[in-house]
Amino acid sequence: MADNKFDTPQLREYPIIPKLKKGVMSHSKPFIAKEPHQEPLGFPGELVDDWENVAIKKMADLQGKYRSLQVYLDSCVKCGACTDKCHYYVGTTDPKNMPVARQDLYRKVYRRYFTFAGKYFPKLVGATDLTKEVLDDWYSYFHQCSQCRRCSVYCPYGIDTAEISMAAREVMDTIGVGQKYCNEIISKVHKIGNNLGLPGPALEDTLEGLEEDVEEETGVAVKYPLDVKGAEVLLVTPSADFFAEPHVDGLIGYGKVFHEAGISWTVSSHASEAANFGMFIGSYDNMRKLAVRIREAAIELGVKRIVFGECGHAWRVAYSFLNTLAGPWDFLDPNYPVPQHICEVTYGLIQENKLKFDKSLNDDMVLTYHDSCNVARASRMGDKAGGQFLIPREIIKATCNNFYDMSSDTIKEGTFCCGGGGGLLTDDLMELRVKGALPRMEALRRVVEEKGVTHMAAICAICKSQFSKVFPYYDFTMDQIVSVHQLVSNAIILTGQNDENDEENHPQEDIDEAA
Amino acid sequence: MLSLLIAALFYIAFLILAYGLVAKILQYKNTPAPLKIPTMPAPTTQAGVVFRMSKEVVFFESLFKSSKVTWLFGWLFHFGLFLDMLRHLRYFIDPVWFWVVIIQPFGKYGSILMLIGLAGLLVRRIVVDRVRYISAPSDHLILVLLLCITTTGMAMSFYLGADVISVKSFFIGLMTFNIQNIPSDPVLISHLVMVAFLMIIFPYSKLLHAPGLFFSPSRNQVDNAREKRHIAKWARDLEKTN
């Protein structure tokens with residue numbers, strides 16, 4: 001499909017490690033951020049004079065601030081364990097997409113300026129000056145990393161290329177070479193409160209529309225409240241959930257769960273975005289400012305709990321960083337973790353028998369589940385390690401009769417990124433996104449053929465948008481990706497509900513920015 | 001004269017190794033880890049982290065997950081090296097502890113494991129296109145250096161023999177600042193010079209992976225971000241300014 005300027009990779013029957021093809025992705029570069037997208041984030045609008053020295057100084061600064069960066073730069077032994085683990089390498093075969101080779105773009109500069117061996121014997125240890133060519137490589141290949149952490153699972157020292165990519169992007173931002181997609185979005189959140197730049201009135205309209213749809217469909221007045229003071233729960237969800245398929249079906253599901261459990265909740269127009277693109281560009285400062293909006297909203301609305309909707313990198317920032325960035329949360333109800341994932345809420349209610357389902361309402365689908373990379377490898381759900389794998393699957397099994405996992409090396413901690421994470425979900429990187437999806441597409445194709453799977457569920461706005469877009473390249477249809485809470489929404493029996501269960505139809509829209 | 005030179009070399013090598021390692025370890029220790037980034041699923045308790053780290057250090061658990069061939073050669077080499085280093089303790093202690101006596105033959109076979117492991121790793125580095133691509137000259141040379149140390153050691157243990165009594169009195173003397181004569185055996189001397197060189201480059205090369213592993217936030221952090229607020233000093237300062 002589509003007007004490809006590139007070839008969609010062939011699905012392979014037996015995935016073997018591909019041979020290197022040097023430089024095949026060196027042309028892949030996202031649009032550069034212009035001044036209006038740089039300045040609100042505190043970065044210069046164009047390449048600064050003396051950029052080499054500014055960059056080296058920034059590298060020194062980051063090495064002093066992040067133990068991960070310093071240790072990872074020193075510790076790699078080039079064992080090669082990670083070389084076949086990156087979906088972008090598998091999909092593109094460009095050697096610079098091997099995690100270690102991507103890191104080495106940074107490490108060779110680190111060695112040249114910061115290590116004895118690199119200063120005096122650069123050729124021996126593969127150290128190089130920071131030249132314009134190196135900077136071009138950085139811009140290209142550090143925007144071919146989705147910060148999915150798969151390499152860090154397999155590295156004997158846990159070296160996480162995401163940490164290096166974040167550092168490289170921050171160095172580039174500091175010298176005025178930012179990425180338009182991420183930085184434009186971050187400036188929108190600073191100004192308006194969400195990635196899409198949806199103002200309060202637009203949100204209100206949307207939520208009212210949902211209330212009407214749900215009431216028409218079920219006969220039950222399920223509320224989708226905005227800025228309600230004194231609600232128990234503040235729901236923070238990716239802005240994609242407000243209008244695009246299949247995201248919005250998930251939001252409908254969250255509302256039905258809260259309604260049925262009798263939990264009062266609200267969305268905030270001030271913090272109407274779960275995603276935090278500050279992480280993608282490695283900027284602690286920007287990440288913190290975005291996170292603090294959630295704190296401000298929680299205080300303003302006087303809520304007792306914070307719950308996050310289905311969103312992968314957002315859940316990483318929420319679960320792992322929110323307490324650091326915007327805590328302490330001592331003003332919230334101490335009986336609940338802060339924040340909670342909507343899946344934790346739903347799973348808890350299922351365990352307490354507070355939700356009723358008719359699983360047969362999902363019988364038109366045979367499901368599999370895509371573990372989103374940042375949920376799987378950078379966060380947790382529930383009170384036990386691995387809850388992030390168990391809980392979404394248990395919700396699917398409670399709401400569907402037909403569920404099959406994909407092959408074991410492609411799920412849970414070994415899951416493959418969808419191909420669009422980490423700030424790469426933009427049309428100017430379409431070739432990369434299609435190629436990076438290859439390993440997931442192969443695993444999906446296998447369960448489709450062997451188990452008759454018809455739909456794949458996910459709990460990440462990026463995954464959902466990415467798959468809607470790349471499925472057609474691999475002869476799937478865009479509606480084969482569904483939200484987990486869409487399944488909940490389909491199967492839940494609301495108290496006082498009328499009998500008919502017609503599916504509502506929302507126009508399929510393209511919402512890449514809504515991650 | 002030769003004894004003095006070798007003695008001086010080992011004093012210098014030891015100082016560089018000790019200074020370099022202490023400096024690096026302090027640097028790692030003093031650099032904050034501002035965010036919780038354990039690779040999940042991660043242990044939720046400190047005891048769990050000790051268990052996770054032990055599996056990495058002793059069994060190379062993550063490497064086992066990623067590449068069985070690299071794991072096999074890498075683990076054989078490191079395990080052999082470990083046995084051999086224990087065996088070499090006898091040159092530095094007098095009287096020799098009981099358990100060091102017991103493990104002497106195992107240490108000897110350790111060198112065979114080292115040889116197999118190093119040879120496998122070197123062949124892999126040359127033959128596998130991905131690993132060849134990421135290798136700098138130093139990556140090959142470190143393997144060659146270790147191979148030369150191993151083979152000179154094996155030559156002495158298995159074929160040529162060495163005047164181990166004199167070697168021991170030399171090293172005991174070195175430790176008590178009372179330099180003794182070292183046998184002018186070329187295989188022995190080259191073995192020692194290469195070991196000293198390895199000590200010197202240790203803190204300035206990728207051999208830093210040894211202390212690095214213990215400081216790797218993705219492996220040594222407890223998964224308890226929601227329960228306990230984790231914040232670095234520079235991040236706290238940032239909160240005060242804006």
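Cut-offs and rules
Residues numbered from 1 in each chain as written. Chains lettered and ligands numbered in written order. Predicted model: local features only at pLDDT ≥ 70, side-chain atom pairs only at ≥ 80, totals over all residues. Helix = DSSP H or I, 4+ residues; strand = E, 2+ residues; numbered from the N terminus. Rg over C-alpha atoms; globule rule 2.2 N^0.38 Å. Buried ≥ 20, exposed ≤ 12 C-beta atoms within 10 Å, placed from the backbone. Contact = placed C-beta atoms within 7 Å. Pairing = 2+ DSSP bridges. Axes fitted to C-alpha atoms, helices over the stretch in contact; angles between N-to-C directions. Domains from an automatic or database assignment. Nonpolar A, V, L, I, M, F, W, Y, C, P; charged D, E, K, R; others polar. Right-handed = clockwise from strand over helix to strand, strands pointing away. Left-handed = near helix turned anticlockwise from the far one by under 90°.

Caption draft 1: Main features of the overall build of chain A. Counting its secondary structure elements, chain A contains 22 helices and 7 strands. Relative to its length of 515 residues, chain A is compact, with a C-alpha radius of gyration of 23 Å against a globular reference of 24 Å. In terms of overall dimensions, chain A has a C-alpha envelope of 75 × 50 × 45 Å along the principal axes. With 515 residues in all, chain A has 60% of them scored as buried. Restricting to contacts in chain A with at least 6 residues of sequence separation, those with at least 24 account for 81%.

Caption draft 2: Examining the overall build of chain B more closely. Counting its secondary structure elements, chain B contains 13 helices and 0 strands. Considering only C-alpha atoms, chain B reaches an extent of 65 × 40 × 40 Å along its principal axes. The proportion of buried residues among the 242 residues of chain B is 32%. When contacts within chain B are restricted to residue pairs at least 6 apart in sequence, long-range pairs at least 24 apart make up 72% of them.

Caption draft 3: Local environment of the sheet that holds strand β7 (residues 481-483) of chain A. Residues and elements named next belong to chain A. The sheet built from 3 strands is open, its strands ordered β5-β6-β7 with parallel pairing. Of all strands in the sheet, those with a lone pairing partner are β5 (367-369) and β7, marking the two edges. In this sheet, adjacent strand axes meet at a mean angle of 40 degrees when their direction is disregarded. Looking at chain direction, β5 and strand β6 (residues 455-458) are connected through 3 bridges and run parallel. Pairing of T368 across the sheet is with M456, part of β6. Together, β6 and β7 form the strand contacts of helix α21 (residues 461-470), whose direction differs from that of β7 by roughly 160 degrees.

Caption draft 4: A look at the pairing of strand β1 (residues 233-236) of chain A. Residue and element names in this part refer to chain A. Neither face of β1 is exposed, since V233 and L235 on one face and L234 and V236 on the opposite face are all buried. The pairing of β1 with strand β2 (residues 265-267) spans 3 bridges and is parallel. When the sheet's bridge partners are listed, L235 is paired in β2 with V267. The sheet contact formed by β1 and strand β3 (residues 305-308) spans 4 bridges and is parallel. Along β3, the bridge assignment pairs L235 with V307.

Caption draft 5: Quick look at the domain arrangement of chain A. Residue and element names in this part refer to chain A. By the assigned domains, chain A splits into domain 1 (35-185) and domain 2 (192-404 + 453-514). Domain 1 and domain 2 are separated by 33 Å when their C-alpha centres are compared. Listed per partner, the contact involves 15 residues of domain 1 and 12 residues of domain 2. Breaking the side of domain 1 that touches domain 2 down by element, the ones donating at least two residues are α9 (150-154), α10 (161-174) and α11 (180-191). Among the elements that make up the side of domain 1 that touches domain 2, the one with the highest residue count is α10 (5 residues). Here the side of domain 1 that touches domain 2 is composed, by residue class, of 7 nonpolar, 3 polar and 5 charged.

Caption draft 6: Inspection of the pairing of β6(A) at higher detail. Residues and elements named next belong to chain A. A two-sided burial pattern is seen for β6, the buried positions comprising H455 and A457 on one face and M456 and A458 on the other. Strand direction decides the pairing type here: β6 and β7, joined by 3 bridges, are parallel. Looking at the pairing, M456 lines up with I481 of β7. After leaving β6, the chain enters α21 and then returns to the sheet as β7, a path that is right-handed.

Caption draft 7: Focus on the packing of helix α5 (residues 99-114) of chain A against helix α8 (residues 132-141) of chain A. Residue and element names in this part refer to chain A. Contact pair α5 / α8: the axes reach a minimum separation of 10 Å and the direction vectors enclose 150 degrees. Between α5 and α8 lies a crossing of left-handed hand. Residue-level contacts link R102, L105 and V109 of α5 to V134, D137, W138 and Y141 of α8. Its residues placed into classes, the contact of α5 with α8 shows 5 nonpolar, no polar and 2 charged.

Caption draft 8: Layout of unusual backbone geometry. Omega for the peptide link from E245(A) to P246(A) comes to -5 degrees, which places this bond in the cis form. Here the bond from M40(B) into P41(B) is cis, since omega is -5 degrees, no more than 30 degrees from zero. The topology assignment puts P41(B) in the loop between α1 (2-30) and α2 (46-59). Unlike most non-glycine residues, T93(A) shows phi in positive territory, near 60 degrees. As for its placement among the helices and strands, T93(A) is situated in the loop between α4 (87-92) and α5. Phi at K412(A) is positive, roughly 50 degrees, even though this residue is not glycine. Examined against the element boundaries, K412(A) turns out to sit in the loop between α18 (387-399) and α19 (430-436).

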